[in-house]
Amino acid sequence: MSNELVFMMGEFEAKFPLDRQYAKNHMWGQAQPDGTIRFGFTAYAVRLLQDVYFLDWTIDAGVDLTERQEIGAIESKKAESDLFAPIAGQLTQFNEQLLSDPSGINVDKYSDGWLFDIQGDSVGLLSTEQYLEHLVGVWEITQRTIKGQMNQ
Amino acid sequence: MNSRILTIISRGQSENPVKRQLESDLGDALEKIDGSRTLIIPNLYDLPIGGDVVQAIRAWDGPIVVYAWLFERAARWVLDRNGISGHEGEVLLKSEDDDEDEVTNEDDEEEKERVLAARELPKRRIYCVNLRDAQSVEPFAEEFQRIAQVSSEDELHAWIDRDVPLHQMQRFLQPTNDTALNTNAEAANVQVPVLKFDESPGRRWYPVIDFSRCTNCMECIDFCLFGVYGVDTIDTILVEQPDNCRKGCPACSRVCPENAIIFPQHKTPAIAGADVEVGGLKIDLSRLFGAPDEDATKVAARERDEQLVMAGRDAVGLSVGIPKRQADKPVEPKDDLDNLIDGLDDLDL
């Protein structure tokens, strides 16, 4: 039995492990032994970003966040985005290694390329199946965004 | 004939040594080209109106080539605001990223009356080259040579009354027989030294209006609560008190329906005067990654409130100077685009 689900982004197989939960802003969340939830980018996000060049956090560890609060920014070869908190809670630590070399996100997104830990409630997070349903809904919009930035 | 062109190198605000080197190398390179006359000046945008540098440039009525760390539109309209205007000269040097996916929607453009259409411009052309578009001096120097060529043809056309047979014009430009006047060689003997203005004006921050887009709708004057905008004697909008502008605040450019207001030093290229919104720039995935759904008007109102509070005044939110553009629009059946946009709202991204 497979331990992951696959979503086809065109020709690309985006894989999502079953051992964790997911946020709608394309981050995975996994409970840690210390009670925090560790977050990182999903294969969907990484595929959109491609090679990450620059990662910056605009808040310090230890800060209390509201859900979707702006916390930083990322820049890749092809795209840029502001980053937002996936859940409310206290951000306990960032993955310091990514600040000197953000390519860890591309190399090992589901493990060493994690982003940060938050002490908070996982109740709003989705199961892998639910996240895939969410992707089916947003894939069309994602493609439009990439092709035309919504024709702005 | 190149001596008929004034070349201006506008230095950047940044002390980045790479940029400084490019500026001075370009000055050296241009000095060697035929008798071109070159000025190196502080950042064009920071120059005080009516200052020495501006006066010097205003005294020139021939074609101008401007090299600046500014988008072409920004440079052109900063000059215009300083009373230095002319027709837009076409610059072919573009950054490499620029040419992918360049989408021009000119066909879709509604016919609107632009302020520029009612103005009479001096016959000369002004060519604005963005110094970010190449990394070395050579492409910039080559572009100058090309412009000089185009410019001398222009001049010839204006001089001889149209209808010049092509071969005749070519012979004039590149004489082949020894008895002809060799204008190029003659000019080459005259090297005009680069004139450098070293004054360093303080950094400024103010909007610049692109009158080829502006429709004189007055939304900016209604929106800005710091008295930056005014009107001239024939009721055309102008940036009357540029130094009343609040540093860092680009809010009026966000409410401008024609994208005609430029803040040349803003980090967002579309606000800094980039021609195309997306061309060559990175895709912004923020909406997909959870950015709050805040439209340009709300951002503008928020930015304005921040400035009002900093200036010790009360925030006004959306209550002052926000146009209700759609208010009197008749209800029409939704088209595909409406449906698409409605779909986006429903989508809880």
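## Comments concerning the nonpolar core
Inside soluble globular proteins, nonpolar side chains tend to come together where they are buried. Residues and elements named next belong to chain B. The biggest cluster of nonpolar side chains holds 55 residues, and the ones touching the most others in it are Ile41, Leu44, Ile57, Ile64, Val66, Phe211 and Tyr229. The dominant element in this core, judged by the number of residues it contributes, is helix H3 (residues 72-81), at 5 residues. Each of domain 1 (5-196) and domain 2 (216-256 + 284-347) contributes no fewer than three residues to this core. Not counting chain neighbours up to four residues away, the residues in contact with Leu44 comprise Ser10, Val66, Leu70, Ala75, Val78 and Leu79.

## Points about the confidence of the model for chain B
Residue and element names in this part refer to chain B. Overall, the predicted model of chain B reaches an average pLDDT of 80, with 74% of residues at or above 70. In the model of chain B, helix H6 (residues 183-188) stands out as the element of lowest mean pLDDT, 44, in contrast to strand E7 (residues 208-209), which has the highest, 97. Per-residue pLDDT stays below 50 along residues 99-108; that stretch engages in 4 contacts with residues further than four places along the chain or on separate chains. Per-residue pLDDT stays below 50 along residues 178-189; that stretch engages in 9 contacts with residues further than four places along the chain or on separate chains.

## Comments concerning the pattern of salt bridges
Should the charged atoms of two oppositely charged side chains come close, the side chains can pair. Taken as a whole and judged by the stated rule, the model has 16 salt bridges over all chains. The closest approach of N and O atoms between A:Glu13 and A:Lys15, which form a salt bridge, is 4.0 Å. B:Arg76 serves as the salt-bridge partner of B:Glu88, at 3.6 Å between the closest nitrogen and oxygen. Placement of the pair is B:Glu88 in strand E4 (residues 87-88) and B:Arg76 in helix H3, with a sequence separation of 12 residues. The exposure class assigned to B:Arg76 is buried, which follows from its relative accessible area of 11%.

About the cut-offs
Residues numbered from 1 in each chain as written. Chains lettered and ligands numbered in written order. Predicted model: local features only at pLDDT ≥ 70, side-chain atom pairs only at ≥ 80, totals over all residues. Heavy atoms only, no water. Core = buried A, V, L, I, M, F, W, Y, C linked by side-chain atoms within 4.5 Å. Buried < 20%, exposed > 50% of the residue type's maximum accessible area, 1.4 Å probe, protein only. Helix = DSSP H or I, 4+ residues; strand = E, 2+ residues; numbered from the N terminus. Domains from an automatic or database assignment. Contact = heavy atoms within 4.5 Å. pLDDT = per-residue confidence, 0-100. Salt bridge = Lys/Arg side-chain N within 4 Å of Asp/Glu carboxyl O.

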